[in-house]
Amino acid sequence: MKTAKMDPLPSVGIVTEVKGTYVTARMFENTNNLTYYRNGVTYRGVGTGEYIGIQRGPYKLVGKVLHEYLEDTQKDSNDQEFSKNRFIREVDISIIGAFRQSKFTFGISIFPQIFSEIVLLSSEETLQILTGNIPNIDYPLYIGKTVPEGLKYAIDWSHIFNTHFAIFGNTGSGKSNTLAKMYSELFNTADKNNWNINNSKFIFIDFNGEYTGDESLTSSKKTIELNTSSTSKGDKIILPRSEFWDIEMLSVLFSATQQTQEPFLRTTLKHFNPGKNKVTKKEIISYVVTAFCQVFQNNVQDPRTLNLLKVILNDLQIKIPESSELSIWLKASWNSNSGTYFSNIDTTYMGLFWSCTSNGKIYFNNMVNKSEFRDLIEETLNQKGVMVDTDWQPLTLLSVFVHLQMIYKLTYGGAQFDFIVHLLSRIEAKSKMFNKLIRVSNDGSDNFSKKYCTIISLRNVNKDAKATIPLLIARYLYKLQKKDLLGEDEITKTTNLIIDEAHNILSVNRNREGDKWRDYRLDVFEEIIKEGRKFGFFLTIASQRPADISATIVSQMHNFIIHRLVNEVDLNMLGNTLNSLDSVSKSAIPSLAPGSAIFTGTSFPLPVMVHIDQLDKGHAPSSDNANLKKIWLPHDHQK
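These lines cover the structure that appears in this document, whether it is placed above or below. Predicted model, so just to flag it, every value in this text is computed and none were measured.

Three or more residues of helix α16 (residues 568-577) are buried, namely D570, L571, M573 and L574. For α16, the arc enclosing every buried residue in end-on projection is 160°, short of the 170-degree limit, so these residues lie on one face. Of the exposed residues in α16, those oriented more than 90 degrees away from the buried face are E568, V569 and N576. Close packing links the buried residues of α16 with β12 (165-168), α15 (551-555) and β24 (559-562).

Okay, here's the thing in structure tokens:
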């Protein structure tokens, strides 16, 4: 049985002008329908943003319609009467590639000529143009349909999740659903087909708690819900000891000035070396004993050291009994004339460590046996209930160490107290907050090794935590990824860091923070964006304010998914950054429908407009608008 031969599709216009890769064509009648059907095949009509064919020999060149207009054949300004035969429809076309032997290739291989015929393209041809090699993709991830063609659209996971990409769009434009849809399809496909996806880590920084639902993204995930509230106990970020006790990180975390505070902090960490081994109770007792002796026994005493000692005792929750002789020392007063501490205790009481009085006052520098004083302190601290043997919180230890170091500096000289005291205050003020969020592991374990997907929710943390926790995590994961590949000839594992509402951490215009902190924060992420690909570390960001994000970071992104944006500053930034966007795609951004986005970048041969499928409620992020009908209307009025 012979197959019926299809009649060739008639031409719908001719080329009238060729200007390099730009062509002007004159359309015949009846070429403005949305679709055409012939022999069971669907063809797209001719319109702005559509793709058309230009026949030349064995080639069928492909162009995108940029503009259309009417040519007035009469050219008589005095005659305003409209006549269908008076006007000729013309279109401007940009050549993007060509078909030969039914295979589409991008780029200019041959130019059209005047009188070359314009033909319509079938849905199959349009799909091949828009999606490239989807038929050849193993496990394509279908995420929606092309606009306006309505063709099923899939992304090539092997060429998108090994790139940096950004999702931009105003509130309500659908960017959270797009982010969740892409990663949900990836995780579901991986789980169903037994991929070795555990060779990769996917860490989501979730500022608003949108992805914490049991089925959101994937059920095979670890969720870390941080909380800085005083009434609630949240989860904690677990960091290896060596990562937390890093001088560069801590100096920036507490805005240490480069001239005085950072050297002081560096000297402190070098002396106590908490990053090497777990700090034991025996060591803490030794430190506190030494501090007591430096305050009261030193030949040169300082009126500020006793308050520093009290801060240390409070941080460590050391409760000196009132019956202990040490409580007398902690109530000491300062004699500015003699430059010593003294006590107004009853002169009839003579302790072991002082032997003379002056005007009813006992001066602690007159002790007769200094070694017995050390024994008394150690004995008191070892009494039950005075000091708890615990795994001290990292910021508590940092506060203790800097106050110990300041006591030493004040008693032995070399301290610029007025410059350092502000650093001590910042550490003391922030230590309680960070202790709720961070735990330092002694065995090198962390949160990110058990599950391939980790959600870190910052919904219930304060502004300081939202600024610092993502930086801590990004810095640690990047260093870990580079360390894991050390000595490897090829990338054997990857890390994808996904930051929703990325303007919270990547902004260049945050006036609440110091220049040093802002510069360090941006330096870390700019290094990741520039060098991360070499080490298998990839960044995904989503934001409603792309213009606020560092221009360096935006310009280094490989791919973009752009939802509706109307702010002129945002549009100008994208226009200056994205060379892959054509004029039609750029002009469409402010009027994109909710859920529709333009995909463009190195992984997409052409900008393509896609309407992303909406995830069901169980898998979708929690980012819906308030349903006022449900909230306000009586139940019998709700539809």
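Among the 7 residues in strand β13 (residues 200-206), 7 count as buried, and that is most of the element. Judged by which residues are buried, β13 turns out to be covered on both faces: S200, F202, F204 and D206 on one side and K201, I203 and I205 on the other are all buried. As paired elements, β13 and strand β22 (residues 494-499) share 6 bridges and run parallel to each other. Among the inter-strand pairings, I205 is bridged to a residue of β22, identified as I499. Taken together, the 5 bridges between β13 and strand β21 (residues 453-460) define a ladder with parallel strand orientation. Across the sheet, the residue bridging to F204 is I455, located in β21.

Counted by the stated rule, this structure contains 31 aromatic pairs. Ring centres of F161 and F165 lie 6.3 Å apart, and the angle between their planes is 70°; on these two criteria the pair is classed as edge-to-face. Overall, the relative accessible area of 8% leaves F161 in the buried class. Given a relative accessible area of 0%, F165 falls into the buried group. Their ring planes at 75° and their centres at 5.1 Å tell us that F187 and F202 sit as a pair that is edge-to-face. Of this pair, F187 sits in helix α2 (residues 175-192) while F202 sits in strand β13, and the two are 15 residues apart along the sequence. The buried category is assigned to F187, whose relative accessible area is 0%. Following the ring pairs from residue to residue traces out a cluster consisting of F161, F165, Y183, F187, F202, F204, Y211 and Y452. Positioned over the ring face of F417 is R304, at 4.7 Å from the centre of the ring. Just above the ring of F535 sits the side chain of K482; from NZ or CZ to the centre is 5.6 Å.

Here the focus is the packing of helix α5 (residues 261-272) against helix α10 (residues 394-412). Contact geometry for α5 and α10: axes closest at 10 Å, N-to-C directions at 105°. The angle between α5 and α10 falls in the class roughly perpendicular. Contacts between α5 and α10 involve F264, L265, T267, T268, L269, H271 and F272 from the former and L398, F401, V402, L404, Q405, M406 and K409 from the latter. In terms of residue class, the contact of α5 with α10 is built from 9 nonpolar, 4 polar and 1 charged.

Turning next to the side chain of D246. Its location among the elements puts D246 in the loop between α3 (241-244) and α4 (247-253). D246 sits in the buried class, given a relative accessible area of 17%. At 3.2 Å, the side chain of D246 and the backbone nitrogen of E248 are in polar contact. The contacts of D246, once residues within four sequence positions are left out, are R475 and K479.

Residues F292, F296, L398, I456, L497, F525 and I541 are the most contacted members of the largest nonpolar core, which totals 118 residues. If near-sequence neighbours (up to four positions away) are discounted, I541 is found in contact with F165, A166, I167, F168, I499, A502, L506, I549, I553 and M557. Membership of the second largest hydrophobic core comes to 43 residues, among which are L121, Y153, F204 and V610.

Among the secondary structure elements, G234 is positioned in the loop between β14 (221-227) and β15 (237-240). Its relative accessible area of 28% is what places G234 among the partly exposed residues. Along the primary structure G234 and L437 are separated by 203 residues, whereas in three dimensions their C-alpha atoms are 7.6 Å apart. In contact with G234, not counting residues within four places along its chain, are E225 and N227.

Okay, a nonpolar patch on the surface next. The grouping of V18, I114 and F115 at the surface amounts to a nonpolar patch, some 300 Å² of accessible area in total. You can see I114 is positioned in the loop between β8 (103-106) and β9 (117-119). Overall, I114 belongs to the partly exposed group, its relative accessible area being 47%.

To continue, consider the packing of helix α7 (residues 305-315) against α10. Close contact between α7 and α10 brings their axes to 9 Å; oriented N to C, the two are set at 160°. Classified by the angle their axes make, α7 and α10 are roughly antiparallel. Crossing of α7 over α10 shows left-handed handedness. Contacts between α7 and α10 involve T305, L308, L309, V311, I312 and D315 from the former and T396, S399, V400, H403, L404, M406, I407, L410 and T411 from the latter. In terms of residue class, the contact of α7 with α10 is made up of 9 nonpolar, 5 polar and 1 charged.

Let us now look at the environment of G618. For G618, the position within the fold is in the loop between β26 (604-612) and α18 (628-632). Considering only alpha carbons, one finds G618 and L381, 237 residues apart in sequence, at a separation of 55 Å. Here G618 is in contact with E215 and S216, once residues within four sequence places are set aside.

On to the sheet that holds β12. Strand order in the open sheet formed by 11 strands is β11-β10-β26-β25-β24-β12-β23-β22-β13-β21-β14, with mixed pairing between adjacent strands. Each having just a single partner strand, β11 (152-155) and β14 make up the two edges of the open sheet. Pairs of neighbouring strands in the sheet enclose a mean axial angle of 25°, with direction left out of account. With 4 bridges connecting them, β24 and strand β25 (residues 596-601) associate as antiparallel partners. Pairing of I561 across the sheet is with F599, part of β25. This element, helix α1 (residues 123-131), spans β10 (141-146), β11 and β26 of the sheet and lies at about 25° to β11. Across the face of the sheet, helix α12 (residues 463-484) comes into contact with β13, β14, β21, β22 and β23 (537-543) while running at roughly 170° to β13.

The rules behind each value
For every chain, the first residue of the written sequence is number 1, and numbering continues from 1 along that sequence. Since the coordinates come from a predicted model, pLDDT governs what is reported: local features require at least 70, and pairs of side-chain atoms require 80 or more to be given and counted, while whole-chain, interface and lining totals use all residues. Note: side-chain values were computed over all heavy atoms of the structure, leaving out hydrogens and water. Per-residue accessibility, obtained with a 1.4 Å probe over protein chains only, is compared with the maximum for each type, and a residue is labelled buried under 20%, exposed over 50%, and partly exposed between these values. Put simply, DSSP marks the helices as runs of H or I at least four residues long and the strands as runs of E at least two long, and each gets a number from the N terminus on. Here the arc refers to the directions that run from the helix axis out to each C-beta atom. Contact definition: two residues touch when any of their heavy atoms are within 4.5 Å. Pairs of strands are assigned from DSSP output, requiring at least two bridges between the strands. Two aromatic rings, drawn from Phe, Tyr or Trp (for Trp, its six-membered ring), form a pair once their centres lie within 6.5 Å of each other, and the interplanar angle then sorts them: stacked below 30 degrees, edge-to-face above 60, tilted otherwise. Lysine NZ or arginine CZ positioned within 6 Å of the ring centre and within 35 degrees of the ring normal marks a charge as sitting over the ring. Working convention: axes come from line fits to C-alpha atoms, limited for helices to the stretch in contact. Angles between N-to-C directions cover 0 to 180 degrees. Orientation labels follow simple angle bins: below 35 degrees gives roughly parallel, above 145 gives roughly antiparallel, 65 to 115 gives roughly perpendicular, and whatever is left gives oblique. Charged residues are taken to be Asp, Glu, Lys and Arg, nonpolar residues to be Ala, Val, Leu, Ile, Met, Phe, Trp, Tyr, Cys and Pro, and polar residues to be all remaining types, Gly included. Think of a polar contact as two N or O atoms within 3.5 Å of one another; within protein, one of them needs to be a possible hydrogen donor and the other a possible acceptor, and neighboring residues in sequence only count if both atoms come from side chains. Here, nonpolar core refers to any group of buried Ala, Val, Leu, Ile, Met, Phe, Trp, Tyr and Cys residues whose side-chain atoms link them within 4.5 Å. Each patch is assembled from residues with relative accessible area greater than 30% and no salt bridge, linking like charges that lie within 9 Å and nonpolar side chains (Val, Leu, Ile, Met, Phe, Trp, Tyr) that lie within 5 Å. Accessible surface is estimated by sampling points in the Shrake-Rupley manner with a 1.4 Å probe; for residues, cover comes only from the protein chains shown. Whenever a carboxyl oxygen of Asp or Glu lies within 4 Å of a side-chain nitrogen of Lys or Arg, that contact is scored as a salt bridge. Should the near helix be turned counterclockwise from the far one by less than a right angle, the crossing is left-handed, whereas a clockwise turn marks it as right-handed.

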